[in-house]
Structure formats: structure tokens, C-alpha cells
Amino acid sequence: MSNENQRPKLPEMTAEDMAFNRRIFFSLMFVGLVLLVSLALPSLREMFAG
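Residues numbered from 1 in each chain as written. Predicted model: local features only at pLDDT ≥ 70, side-chain atom pairs only at ≥ 80, totals over all residues. Heavy atoms only, no water.

Enquirer: Is there a simple way to explain a nonpolar patch on the surface in this structure?
Expert: A cluster of nonpolar side chains, contributed by Val 37, Leu 41, Leu 44, Met 47 and Phe 48, occupies part of the molecular surface with about 530 Å² of accessible area. Mapped onto the fold, Phe 48 is located in helix α1 (residues 15-49). Relative accessible area serves as the criterion here: at 69%, Phe 48 is assigned to the exposed category. (Patch = residues over 30% accessible without salt bridge, like charges linked within 9 Å, V, L, I, M, F, W, Y side chains within 5 Å. Areas by Shrake-Rupley, 256 points an atom, 1.4 Å probe, with all protein chains shown as cover. Salt bridge = Lys/Arg side-chain N within 4 Å of Asp/Glu carboxyl O. Helix = DSSP H or I, 4+ residues; strand = E, 2+ residues; numbered from the N terminus. Buried < 20%, exposed > 50% of the residue type's maximum accessible area, 1.4 Å probe, protein only.)

Given below as C-alpha cells:
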């Protein structure tokens, strides 16, 4: 008995799904970048000021 048949097939991704996932991915990336920059700004400012 092989496990190939038991594994549920992933549904085919339509172009709409891809666009939706890309939008989520980019928005998450953007939020991450904003957080990173806002966290890094104080130390950067100290570096330039000092």
C-alpha cells in the first residue's frame, strides 16, 4: 500500500487566488518593513548624531 493515494490533492490555484496571495504577501512584507524601519530609526539617529 502506497501513501500516494491517501494524500489529499491540493486544489488547483486559480489566477485570482495567486493575486490574492500576492497581495497578502506584499502587505505583510510592507508591514514588516515599516516595523523594522521604525525600530531601526532611533539607533540610526543616534549613530548619525553621535
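Having seen the model, we can carry on.
Enquirer: Please explain α1 as it appears in this structure.
Expert: For an α-helix, the turn length of 3.6 residues means that residues three or four places apart are oriented alike. Its 35 residues give α1 an end-to-end C-alpha distance of 49 Å, which sits within 8% of 51 Å, the value for a rise of 1.5 Å per residue. Along α1, the sharpest kink reaches roughly 40°, centred on Leu 41 and followed within four residues by the proline Pro 42. (Expected span 1.5 Å × (residues − 1). Bend = angle between axes of the 7 residues up to and from the residue.)

Remember that the coordinates give geometry; whether it matters functionally is a separate question.
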